[in-house]
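Take a look at the letters that make up each chain.
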Amino acid sequence: MDDEFLDEIWGQFESEALEHCKNCEDLLLDSANKDLSKAEIDSIFRSFHSLKGLTGSIGFSETVTLTHLAEDLISESRKGTITLDDKLRTALLNFTDVLKTILQKSIKERKEVITKNFGPCKSVLEEILQGKSSKIKERNRVLNFDDTIVSETLNDLDLIEEERFTQVSSTSLDDLFQKSGTLISRANALKRAFEQVGSAPENDYANVILEKLVNDIQVVNGRITDLRLISVNGLVRRLKRAAIDTSRSLKKTIKFNVKGDNERADRSIIRALADPLMHMIRNSIDHGIEESKDRPKKGIGKINLSFQKEGDNLVIKLSDDGRGLDKEKILKKAIEKKFISTSNPKELEERDIYSLIFKPGFSTAENVSSTSGRGVGMDVVEKNIALLGGKIEIYSEKNKGANFSILIPGAVSTEECIILKDLPTFYAVPSRSVQWVKNKSDLETDIVTGTEHIRYNKSQIPIQNLNKLLSLPSSNSEGFVEKIILLSLSDKAIAINYFGDFIYDEFVFDQPDKLISNLPFVSGTTVDDDRNIIFRLNVERLFDYDDQAA
Amino acid sequence: MGEKMNLDATRNVLIVDDSKLMRMMLKKIVEELDMFDLIEEAENGKIALEKLDNAKFEIILLDIEMPIMNGVEALREIRLRHKAKVIIVSSLAQIGSTYSAEVKKLGADGIIDKPGGALDPTLAQKKGEDLKHLIKQLV
């Protein structure tokens, strides 16, 4: 076979095999929380079957014995002769880890490379298949089932994955990104300048070139953004894994729900979030969720994790429905450890008490358990998050559970915006949430209960004033045309009026500094070419506020 | 381009497998036979049936385990409407297995294990030859 064809074969083999590994992992992890549907069971079987087929067809004579075993196991479980319980799930997850190491090393060497974890993995699979389950228990302890070892394997994988990439220092990437953002603003300014000159025929050629230039810049900017952003999906998989391992070792049954696992964020942020989140999830299972006998009415312990992008911020929420943080205990401990003086602990606000758990050396568990007490405390969690420029907040209710909310700024990207020139202030509204901007004089309005409303999608939307909404003094309206901007988020809409013009532009926003961060609806600032400060409106929050007011 | 050509007058092969890698390897083997004008691919039974409605195929290489519509279901449909010779290419259909009996009953013209051992030229050669031999027998 010619080399070119072999190259293609290897490339195809790699992408298909890794894709099937990923599918197996996702479904196996899901199966810990819920019964898989028939389609999902078929899909997981097909992936295991394909892994066997792939390793066979590429000619991995050793590895195929392993993939064959895994296929047999999942096939037996599909038939119902073996239950897909924690033990089998762990063994199969371990199998995908081992397989990934083998694949990655082999693909690099262009020949089958057997790693040292191959043998143990194979014998575990064999033993389960033969139903000699009793012997496995002891061996499980040595074999990757202790999570310290699991994390070692994962780190190995990380390293191998990194070898496939060229390393670029993140500062130069940041710099490049910032520059490219400026470039977009400049190009847009140039475009506007051209528009003002007017479309004289002699400018046609220049206009075409300019159009192309702006497009190219946008493409380059998009690529650079992509370089920095990765999906949180991989992180989520690791966290699910940690949750399953922890719940099993503590013999607590939990349901781990994840929302927003397709959100993307800066790769350095995702990397830095892994340890804190892992630790917090272990904490929730260990300290938050009660033993099942202590929560007879609440049923299975629930842990919810969500990722959501709000403007340029990544908001991560972790909550459990366990016993909640114990204020008394925290206070007692804090006094004991002399973090606070005994004089007036009652004056402390609830959130101040909770934030005591971030003090170095704080640990409420009477006996530091092997699960969460691993030397990494909540102090390290807070520190790691602070290093990202983020903050963490705690809300807790006794016997209802604890909620952690982490806000990480700057999963940065340029944003297409509509700039409202409500002199003397400029506001940027992300164009994805803008339905339209119209002159008010062109619209039909109705007065409903004393307020002016516009009609939109068969409903009446009250017109709200921009400055009032932002609790700012009203702006200078004289000589300016009154405009209405209609914002929408899912099925809700808000109509806002202001006086002035608007333009389209793209910006990279900075975090608002302390002074500005007091403005509730401002989520970022930037400066345009004429040195005007532009405030980015936090549309999500506007809608939240609107909901509450209604 | 497929639609415009008069496919009825040409000798065509359809390879049905959800793995692109497998389709690549099968295609290579069929190409080496140098007997066919067009080698088409489909990634599941449903797409295969659509392609069969648009053109005539002499040989169909059919995998069993596929998403959306698997090989057994596809074979049942193919037999109702098309004359093409169907070769089941699957490790599931080993001689004597329940699958092997079922696909025979449904009218498969041949059953063969998946080609393998891309790394091992002799093995790849042997498996490739088996498939080529089978195709030659059928056309």
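Residues numbered from 1 in each chain as written. Chains lettered and ligands numbered in written order. Predicted model: local features only at pLDDT ≥ 70, side-chain atom pairs only at ≥ 80, totals over all residues. Heavy atoms only, no water.

Comments concerning the overall build of chain A
Move 1: Broken down by element type, chain A carries 16 helices and 18 strands.
Move 2: Across the 550 residues in chain A, those meeting the buried criterion constitute 47%. (Helix = DSSP H or I, 4+ residues; strand = E, 2+ residues; numbered from the N terminus. Buried < 20%, exposed > 50% of the residue type's maximum accessible area, 1.4 Å probe, protein only.)

Some remarks on the overall build of chain B
Move 1: Each helix and strand in chain B was counted, giving 5 helices and 5 strands.
Move 2: Taken from the N to the C terminus, the helices and strands of chain B come in the order β-α-β-α-β-α-β-α-β-α.
Move 3: By sequence separation, contacts in chain B at least 24 residues apart represent 67% of the contacts at least 6 residues apart.
Move 4: Looking at chain B as shown, the accessible area adds up to about 6900 Å², and 49% of this sits on carbon and sulfur atoms. (Contact = heavy atoms within 4.5 Å. Areas by Shrake-Rupley, 256 points an atom, 1.4 Å probe, with all protein chains shown as cover.)

Some points on the interface of chain A and chain B
Move 1: Opposite the 27 residues of chain A that make contact, chain B presents 19 residues.
Move 2: Roughly 1800 Å² is buried in total at the junction of chain A and chain B, and carbon and sulfur atoms are behind 66% of that figure.
Move 3: Contact with chain B buries surface across chain A, with Arg46(A), His49(A) and Ser57(A) losing the most and accounting together for 30% of the total.
Move 4: Connecting chain A to chain B are 0 salt bridges.
Move 5: Where chain A touches chain B, the interface holds 3 residue pairs in polar contact (both at pLDDT 80 or more).
Move 6: Of all the secondary-structure elements, those providing two or more residues to the side of chain A that touches chain B are α1 (3-31), α2 (38-58) and α3 (63-79) of chain A.
Move 7: Element by element, the count of residues in the side of chain A that touches chain B is highest for α2(A), at 10 residues. (Buried area = accessible area lost by both parts, 1.4 Å probe. Salt bridge = Lys/Arg side-chain N within 4 Å of Asp/Glu carboxyl O. Polar contact = N/O pair within 3.5 Å; in protein donor to acceptor, adjacent residues only side chain to side chain.)

Overview of the sheet that holds strand β3 (residues 59-62) of chain B
All names here are of chain B.
Move 1: Across the sheet, 5 strands lie side by side as β2-β1-β3-β4-β5; this open sheet has parallel pairing. The two strands at the open ends of the sheet, each matched to only one other strand, are β2 (38-42) and β5 (110-112). Direction aside, neighbouring strands of the sheet carry axes that sit 20 degrees apart on average.
Move 2: Bridge count between strand β4 (residues 85-89) and β5: 3 bridges; the pairing is parallel. Across the sheet, Ile-87 pairs through a bridge with Gly-110, a residue of β5. (Pairing = 2+ DSSP bridges. Axes fitted to C-alpha atoms, helices over the stretch in contact; angles between N-to-C directions.)

Overview of the side chain of Glu40(A)
Move 1: Mapped onto the fold, Glu40(A) is located in helix α2.
Move 2: Contact partners of Glu40(A), with chain neighbours within four places excluded, come to Leu27(A) and Lys34(A).

With respect to unusual backbone geometry
Move 1: In this structure, Thr449(A) takes a positive phi of about 40 degrees despite not being glycine.
Move 2: Mapped onto the elements of the fold, Thr449(A) is located in the loop between β11 (445-448) and β12 (451-456).
Move 3: Assessed through its relative accessible area of 77%, Thr449(A) is described here as exposed.
Move 4: Residues other than glycine seldom take positive phi values, yet Asp34(B) does so here, at roughly 55 degrees.

Description of the pattern of salt bridges
Any two side chains of opposite charge can pair, on the condition that their charged atoms come close.
Residues and elements named next belong to chain A.
Move 1: Scanning all chains against the criterion turns up 37 salt bridges over all chains.
Move 2: Measuring nitrogen to oxygen at the nearest pair gives 2.8 Å for the salt bridge that ties Glu-290 to Lys-298.
Move 3: Residue classification places Lys-298 among the partly exposed positions, given a relative accessible area of 26%.
Move 4: One connected set of salt bridges, linked through shared partners, spans Glu-290, Arg-295, Lys-298, Lys-302 and Asp-321.

Description of the sheet that holds β11(A)
Residue and element names in this part refer to chain A.
Move 1: With mixed pairing, the 6 strands of this open sheet are ordered in space as β10-β14-β15-β13-β12-β11. Since the sheet does not close on itself, it has two edges, and those belong to β10 (434-439) and β11, each with one partner. Sheet twist, expressed as the mean angle between neighbouring strand axes with direction ignored, is 35 degrees.
Move 2: Across 3 bridges, strand β13 (residues 459-465) lies against strand β15 (residues 492-499) in parallel orientation. Note on β15: the bridge partner recorded for Ile-463 is Ala-495.
Move 3: With respect to the sheet, helix α16 (residues 539-549) is in contact with β13, β14 (482-489) and β15, its orientation differing from that of β15 by roughly 110 degrees.

Quick word on the packing of α3(A) against helix α5 (residues 118-129) of chain A
All names here are of chain A.
Move 1: Two numbers describe how α3 lies on α5: the axes approach to 10 Å, and their chain directions differ by 30 degrees. Viewed along their axes, α3 and α5 adopt a mutual orientation that is roughly parallel. By crossing handedness, the relation of α3 to α5 is classed as left-handed. Along the contact surface, α3 presents Thr-63, Thr-65, Leu-66, Leu-69, Ala-70, Asp-72, Leu-73 and Glu-76, while α5 presents Phe-118, Cys-121, Lys-122, Leu-125, Glu-126, Ile-128 and Leu-129. (Parallel < 35°, antiparallel > 145°, perpendicular 65-115°, else oblique. Left-handed = near helix turned anticlockwise from the far one by under 90°.)

Concerning the nonpolar core
Residue and element names in this part refer to chain A.
Move 1: Counting 44 residues, the largest nonpolar core has Leu-277, Met-280, Leu-305 and Ile-316 as the members making the most contacts within it.
Move 2: Here this core gets 9 residues from one element, more than from any other, and that element is helix α11 (residues 267-288).
Move 3: The residues contacting Leu-305, other than those within four sequence positions of it, are Leu-239, Phe-256, Asn-257, Val-258, Lys-259, Leu-277, Ile-281, Ile-316, Lys-317 and Leu-318.
Move 4: Of all hydrophobic cores here, the second largest spans 43 residues; its members include Cys-21, Ile-44, Leu-51 and Phe-95. (Core = buried A, V, L, I, M, F, W, Y, C linked by side-chain atoms within 4.5 Å.)

Some thoughts on the packing of α2(A) against helix α1 (residues 20-33) of chain B
Move 1: Here α2(A) crosses α1(B) at 35 degrees, and the two axes come no closer than 10 Å. Helix-helix and strand crossings are classified by hand; for α2(A) and α1(B) the assignment is left-handed. Together, Gly53(A), Leu54(A) and Ser57(A) of α2(A) and Leu21(B), Met22(B) and Met25(B) of α1(B) make up the contact between the two elements.
Move 2: By residue class, the composition of the contact of α2(A) with α1(B) is 4 nonpolar, 2 polar and no charged. (Nonpolar A, V, L, I, M, F, W, Y, C, P; charged D, E, K, R; others polar.)

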